[in-house]
Amino acid sequence: MERNEESGNITLKVLKRTAEMMDCELLYIIRPKKRMMFSEVIWNSVLNKALSHHWVKSRPKLLKYRALAAVIRWHIEDPQFRLNQKWCVRHVRK
């Protein structure tokens, strides 16, 4: 196990089994480097793009918030946008 860890080839299965043998639990997390909430990371990456969207800019003041919400939702649900943000990168084993 230690050799695999040093080379970066350890698997979650091995880590889980090791944790169970030591009467521990395995916690596997992904945390933003800036230690902010993940929702804040998403919001920051989507907000600027949505604010510059032509549809949001063209709405009357009272409808801008609805338009902004719609564009943000569209971006968050768009697979290509998610891929560009590296929110859904999948690693394929060879």
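Residues numbered from 1 in each chain as written. Predicted model: local features only at pLDDT ≥ 70, side-chain atom pairs only at ≥ 80, totals over all residues. Heavy atoms only, no water.

## What about the overall build of the protein?
At step 1: Each helix and strand in the protein was counted, giving 6 helices and 0 strands.
At step 2: Helices and strands in the protein line up, N terminus first, as α-α-α-α-α-α.
At step 3: Counting the 94 residues in the protein, one finds 16% classified as buried.
At step 4: Residue pairs in contact within the protein that sit at least 24 positions apart in sequence constitute 29% of those at least 6 positions apart.
At step 5: Carbon and sulfur atoms make up 55% of the accessible area of the protein, which amounts to about 9000 Å² in all. (Helix = DSSP H or I, 4+ residues; strand = E, 2+ residues; numbered from the N terminus. Buried < 20%, exposed > 50% of the residue type's maximum accessible area, 1.4 Å probe, protein only. Contact = heavy atoms within 4.5 Å. Areas by Shrake-Rupley, 256 points an atom, 1.4 Å probe, with all protein chains shown as cover.)

## Considering the pattern of salt bridges
At step 1: Counting across every chain of the model gives 1 salt bridge.
At step 2: In this structure, glutamate 77 and arginine 73 form a salt bridge, with 2.9 Å as the shortest nitrogen-oxygen distance. Residue glutamate 77 and its partner arginine 73 are both found in helix 5 (residues 64-77); the two are separated by 4 residues, about one turn of the helix. (Salt bridge = Lys/Arg side-chain N within 4 Å of Asp/Glu carboxyl O.)

## Digging into unusual backbone geometry
At step 1: Here the phi dihedral of aspartate 23 falls at roughly 55 degrees; this positive angle occurs in a residue that is not glycine.
At step 2: Topologically, aspartate 23 is positioned in the loop between helix 2 (12-21) and helix 3 (38-51).
At step 3: Exposure remark for aspartate 23: the relative accessible area of 73% places this residue in the exposed category.

## Comments concerning the nonpolar core
At step 1: Counting residues in each nonpolar core, the largest one holds 10 residues, listed as Ile42, Val46, Leu47, Ala50, Val56, Ala67, Leu68, Val71, Ile72 and Phe81.
At step 2: For this core, the secondary structure elements donating two or more residues are helix 3 and helix 5.
At step 3: Discounting chain neighbours no more than four positions away, the residues touching alanine 50 are Val56, Leu68, Val71, Ile72 and His75. (Core = buried A, V, L, I, M, F, W, Y, C linked by side-chain atoms within 4.5 Å.)

## Structural notes on the confidence of the model for the protein
At step 1: For the protein, the average pLDDT comes to 79, and 83% of its residues sit at 70 or higher.
At step 2: At the low end of the mean pLDDT range in the protein sits helix 1 (residues 2-7), at 69; at the high end sits helix 4 (residues 54-58), at 89. (pLDDT = per-residue confidence, 0-100.)

## As for the environment of arginine 59
At step 1: Inspection of the secondary structure assignment puts arginine 59 in the loop between helix 4 and helix 5.
At step 2: On the basis of relative accessible area, arginine 59 is assigned to the partly exposed category, the value being 28%.
At step 3: The contacts of arginine 59, once residues within four sequence positions are left out, are Lys64 and Ala67.
At step 4: Within the local environment of arginine 59, its side chain forms a polar contact with the side chain of serine 58, the two groups lying 3.2 Å apart. (Polar contact = N/O pair within 3.5 Å; in protein donor to acceptor, adjacent residues only side chain to side chain.)

## As for the environment of lysine 64
At step 1: Counting through the fold element by element, lysine 64 comes out in helix 5.
At step 2: The spacing of lysine 64 and leucine 51 is 13 residues in sequence and 9.4 Å in space, taken between C-alpha atoms.
At step 3: Every residue in contact with lysine 64, bar those within four places of it in the chain, is listed here: Val56, Lys57 and Arg59.

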